[in-house]
Amino acid sequence: MLSRAAYQANAAITDHTHHCSNRFFKSNSISIPHRKSFVSTSVARTGPVLAVATNETKSKRFTYEPSLADRLRLGSMTDDGMSYKEKFIVRCYEVGINKTATVETIANLLQEVGCNHAQMVGFSTDGFATTHTMRKLHLIWVTARLYIEIYKYPAWSDVIEIETWCQSEGRIGTRRDWILRDCATGDVIGRATSKWIMMNQDTRRLQKVADEVRDELSTYFPKELRLAFPEENNGSLKKIAKLEDPAEYSKLGLVPRRADLDMNQHVNNVTYIGWVLESMPQEIIDTHELETITIDYRRECQHDDVVDSLTSYEPIEDAASLEIGGAANGSATAPKDLNKSFLHLLRLSSDGLEINRCRTEWRKKPSRI
């Protein structure tokens with residue numbers, strides 16, 4: 001895949017400012033003849049590339065013509081080249097019973113914009129965001145943790161803009177952060193962060209990020225540390241305790257569908273979120289909406305695995321600090337009318353091995369007109 005930074009200046013749909021609502025409608029007012037003229041124009045670019053084929057050299061000169069998807073996609077690199085922004089319309093099939101986008105929709109869009117960012121800067125086009133050296137060494141990225149915090153869920157036909165960027169995370173991985181904005185108001189409606197570690201595709205063992213790989217990546221990292229959650233002691237840092245049996249709620253015998261498999265023939269990361277929510281108590285689903293979700297990925301799930309989803313209210317460690325009617329609550333667990341945090345566990349039905357741990361927080365559903 002080729003670097004497309006130079007191409008960005010020629011695409012009208014990629015002019016991003018904070019007034020993204022006006023930009024969105026302007027970008028869709030391009031006439032059909034204009035688009036035809038644009039499509040027929042070959043844009044030649046030369047420079048260093050991160051080659052898709054492992055036997056290509058990084059100093060190869062090339063001629064590049066943007067694809068149809070490139071021209072229609074409402075995304076571009078920011079002016080400094082350190083992050084990527086893309087706009088999305090919420091479709092009718094992406095909303096749930098609350099008539100707003102589901103958390104699975106949000107997670108899928110985060111994954112989409114991350115993959116598009118990787119391709120935009122010249123990484124592989126197969127969806128795995130691998131560099132030239134990674135492909136040569138049969139290395140891939142796997143998700144270690146995903147944390148999503150939603151302040152307001154977009155509804156059907158709302159337009160949102162998602163900004164994403166990557167940077168180093170220790171010696172064995174990287175992190176990717178996201179900011180979600182409502183294009184109509186410019187308000188931040190959500191934030192997310194994730195940790196990714198490197199695995200050998202053949203041995204399935206974790207591996208440190210080699211200096212050569214880090215050099216390929218660091219070109220596109222912000223020069224100074226930038227975090228979607230800069231606050232001290234923010235929710236993305238909270239460890240998830242293991243949920244022990246007996247769980248208060250459970251959904252047993254979940255089986256991956258063919259549609260749940262990703263391009264690597266493993267269960268897609270977003271599918272796990274759906275499985276976690278399957279064991280949530282119905283009374284919470286009816287009256288609350290998900291505010292935050294943290295998921296730690298611990299084991300790969302194959303297409304023939306059978307999964308159990310377990311859920312319990314999260315014990316409150318400092319319950320004595322909670323006051324009810326002015327009196328301290330000395331219970332080790334907060335009353336269920338106050339505590340809307342849950343611990344979750346996905347495990348293999350066959351042997352009980354952990355697939356992932358999860359923690360969710362819920363808030364009362366807002367009244368809607």
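Just so it is clear, the structure is predicted and the values come from calculations on it, not from any experiment.

What counts and what doesn't
- Residues numbered from 1 in each chain as written.
- Predicted model: local features only at pLDDT ≥ 70, side-chain atom pairs only at ≥ 80, totals over all residues.
- Heavy atoms only, no water.
- Helix = DSSP H or I, 4+ residues; strand = E, 2+ residues; numbered from the N terminus.
- Buried < 20%, exposed > 50% of the residue type's maximum accessible area, 1.4 Å probe, protein only.
- Polar contact = N/O pair within 3.5 Å; in protein donor to acceptor, adjacent residues only side chain to side chain.
- Axes fitted to C-alpha atoms, helices over the stretch in contact; angles between N-to-C directions.
- Parallel < 35°, antiparallel > 145°, perpendicular 65-115°, else oblique.
- Left-handed = near helix turned anticlockwise from the far one by under 90°.
- Contact = heavy atoms within 4.5 Å.
- Nonpolar A, V, L, I, M, F, W, Y, C, P; charged D, E, K, R; others polar.
- Phe/Tyr/Trp six-rings, centres within 6.5 Å; stacked < 30°, edge-to-face > 60°.
- Lys NZ or Arg CZ within 6 Å of the ring centre and 35° of its normal.

### A few points about the environment of Thr-164
Along the chain, Thr-164 falls in strand β4 (residues 159–169). Here Thr-164 falls in the buried class, since its relative accessible area comes to 0%. Distance from Thr-164 to Val-113, taken between C-alpha atoms, is 7.3 Å for residues 51 residues apart in sequence. At 2.9 Å, the side chain of Thr-164 forms a polar contact with the backbone oxygen of Asp-177.

### A short note on the packing of helix α5 (residues 103–120) against helix α8 (residues 269–278)
One way to put it is that α5 packs onto α8 with a least axis distance of 9 Å and a crossing angle of 165 degrees. The angle between the axes of α5 and α8 places the two elements in the roughly antiparallel class. In the packing of α5 onto α8, the handedness of the crossing is right-handed. Residue-level contacts link Val-103, Glu-104, Ala-107, Asn-108 and Gln-111 of α5 to Asn-269, Val-270, Ile-273, Gly-274 and Leu-277 of α8. Its residues placed into classes, the contact of α5 with α8 shows 5 nonpolar, 4 polar and 1 charged.

### What about the packing of aromatic side chains?
Summed over all chains, the structure comprises 6 aromatic pairs. Ring geometry for Phe-123 and Tyr-220: centres 5.7 Å apart, planes at 90 degrees, overall edge-to-face. Of this pair, Phe-123 sits in the loop between α5 and α6 (132–136) while Tyr-220 sits in the loop between α7 (211–218) and β8 (249–254), and the two are 97 residues apart along the sequence. Taken individually, Phe-123 and Tyr-220 each receive the classification buried, so the pair is uniform in this respect. Measuring from ring centre to ring centre gives 5.1 Å for Tyr-147 and Phe-229, while their planes differ by 75 degrees; the resulting arrangement is edge-to-face. Remark: Phe-229 occurs in the loop between α7 and β8 and Tyr-147 occurs in strand β3 (residues 139–150); sequence separation between them is 82 residues. Look at Tyr-147 and you get buried, because its relative accessible area is 2%. In textbook terms, an aromatic cluster arises when at least three aromatic residues are bridged by ring pairs, as seen for Tyr-249, Tyr-313 and Phe-342. Positioned over the ring face of Trp-165 is Arg-226, at 3.6 Å from the centre of the ring.

Read these as geometric descriptors, not functional statements.
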